[in-house]
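# Chain and residue survey
Now for the letters of each chain:
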Amino acid sequence: MGRSDFKAPRPPELLSPWRTERRVALQEEARDFARDVILPLADELDPQKGEMPRSLIDAMAEKGWFGITIPAEYGGMGLGVFEYCLISEELARAWLSTGSILARGQGLGTQTLDDESRRALLAKSARGEWIGSIALSEPTAGSDLAGVQTRAVREGDEWVLTGTKRWAGFALGADFIEVLARVRDPEPGEPRSAGLEPFLVVKEPGTFPEGMTGTVIDKIGYHGFLTYELRLDGVRAPERDRLTGLYGDEGADADSGGFASVQRGLNIARVHTAARAVGVARAAVEDCTAYLQEREQFGQPIGQFQALRFALADMAAEVAQARAYWQQVAHLLDEGLPAESESAAVKLLATEMAVRVTNQAMQLHGGNGYTTERRIERYWRDARLTTIFEGTSEIQRRIISDRMLPRG
């Protein structure tokens, strides 16, 4: 606007005790990429409900970001949950879905029974050449994954999968789809999750495998990639593509050796979601900081009115609080601690915060916030989803309370 007293929003610095030269460099690299590459694409494509171009995914792969948490011996960056979340917050600040696409690398779909295959897939994942979709939920099984009804029946050296899956993001563009299916019903005394196993359905990007059809789910936000309901009618997966691990009820008792690793994966996903939510909320704060100086009413910028200044201060404080919390919990996970309650708590706190902050940002923008001319409505739509995916807020409250109180 040309005013000499305009104060540009300042993005957060990485502070002690988390600050290292490597982390600062990673943060600055991701921040520049988000501002210069992602944000213009988001502004163009999100109003069209468009998909991010493959060239953007390839550019992220060139930076090594699909292998942040993959060991260096397989070509990954060999870093931790902290760095994974640090980069994702910066990307989500520009467009939530770009922070999310990273989760479809990081070694997803590599837990095969064959060690040689696992090593080869880890290397492909690190290069961004093994990007997947996860098909866990069903029309009647969401938070309660133990209710999954998709069946896998053994026929020789293959498994035949039949059922319906819902909320499979990036399913068409993916290199594979990880499908959770039931190979048998639980025996008396076993947890309801017994008999559930994940399978790797390998495919060509841009197509569905034989026996699978997909219908696009028309979402109100979280654009950048499409989300599908999948129908499986005799989809075949070789025995070698059966994955290790067990999915089931939150907090269910299970003796499977794979359960602990899957639970850790869920904990990482929750902290990752918290970081993405912080990125979206931070975008709203930074846009409001500029808008309150640009917009004039009653002969002065509206940022001169104390009520609006205080609202912005509350928003900034909430974002800073959630950021400090995800950094602490990410550190705990990198230290090898389970941090189950902490992961649930930070997911709950950060995502509910993002909803409040983006809602307040729309209010501060007045009528302009309720248009597609500003980015605020995008932040508002995307923030609302964060309280739902990777476990609803209600599920997080259940996890926390179950570890605080005995259940009758």
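Residues numbered from 1 in each chain as written. Predicted model: local features only at pLDDT ≥ 70, side-chain atom pairs only at ≥ 80, totals over all residues. Heavy atoms only, no water.

In the annotation of an unreviewed UniProt entry, the protein chain is listed under the name Acyl-CoA dehydrogenase family protein and assigned to Methylorubrum podarium. Check the Cofactor (unreviewed entry) section of the UniProt entry for the protein chain; it says "FAD". Check the Sequence similarities (unreviewed entry) section of the UniProt entry for the protein chain; it says "Belongs to the acyl-CoA dehydrogenase family." (UniProt positions renumbered as here; feature names shortened; annotations may be inferred.)

## Details of the pattern of salt bridges
The tally for this structure, following the rule as stated, stands at 37 salt bridges. Among the salt bridges present, the one from E155 reaches R236, with a minimum N-O distance of 3.0 Å. Here the residue E155 occupies a position in strand β2 (residues 151-155), and R236 occupies one in strand β7 (residues 227-238), the gap between them amounting to 81 residues. On the basis of relative accessibility, which here comes to 42%, the residue E155 falls in the partly exposed class. A network of salt bridges, in which partner residues are shared, links R31, E89, E90, R93, R282, E286, D287 and R323. (Salt bridge = Lys/Arg side-chain N within 4 Å of Asp/Glu carboxyl O. Helix = DSSP H or I, 4+ residues; strand = E, 2+ residues; numbered from the N terminus. Buried < 20%, exposed > 50% of the residue type's maximum accessible area, 1.4 Å probe, protein only.)

## Observations regarding unusual backbone geometry
Backbone torsion omega between S16 and P17 reads 10 degrees, so that peptide bond is classified as cis. In this structure, P17 sits in the segment before α1 (21-45). Here K49, not a glycine, exhibits a phi torsion of approximately 55 degrees, which is positive. With respect to the element layout, K49 can be found in the loop between α1 and α2 (54-62). For K49, a relative accessible area of 39% gives the class partly exposed.

## Some remarks on the side chain of S393
Position of S393 relative to the elements: it lies in helix α10 (residues 393-402). Residues in contact with S393, not counting those within four places in the same chain, are L348, T351, E352 and T387. (Contact = heavy atoms within 4.5 Å.)

## Brief notes about the confidence of the model for the protein chain
A low pLDDT means the predicted coordinates there should not be read in detail. When pLDDT is averaged along the protein chain, the result is 93, and 94% of the positions lie at 70 or above. Considering only residues more than four positions removed or in separate chains, one finds that residues 246-261, a stretch of pLDDT under 50, has 32 contacts. (pLDDT = per-residue confidence, 0-100.)

## Topic: the packing of α1 against helix α3 (residues 81-94)
Relative to each other, α1 and α3 sit at 25 degrees, their axes nearing to 7 Å. Relative to α3, α1 is oriented roughly parallel. Crossing geometry of α1 relative to α3 is assigned as right-handed. In this structure, α1 contributes R23, L26, Q27, A30, R31, F33, A34, I38, L39 and A42 to the contact, and α3 contributes F82, E83, L86, I87, E90, L91 and A94. Split by residue class, the contact of α1 with α3 holds 12 nonpolar, 1 polar and 4 charged. (Axes fitted to C-alpha atoms, helices over the stretch in contact; angles between N-to-C directions. Parallel < 35°, antiparallel > 145°, perpendicular 65-115°, else oblique. Left-handed = near helix turned anticlockwise from the far one by under 90°. Nonpolar A, V, L, I, M, F, W, Y, C, P; charged D, E, K, R; others polar.)

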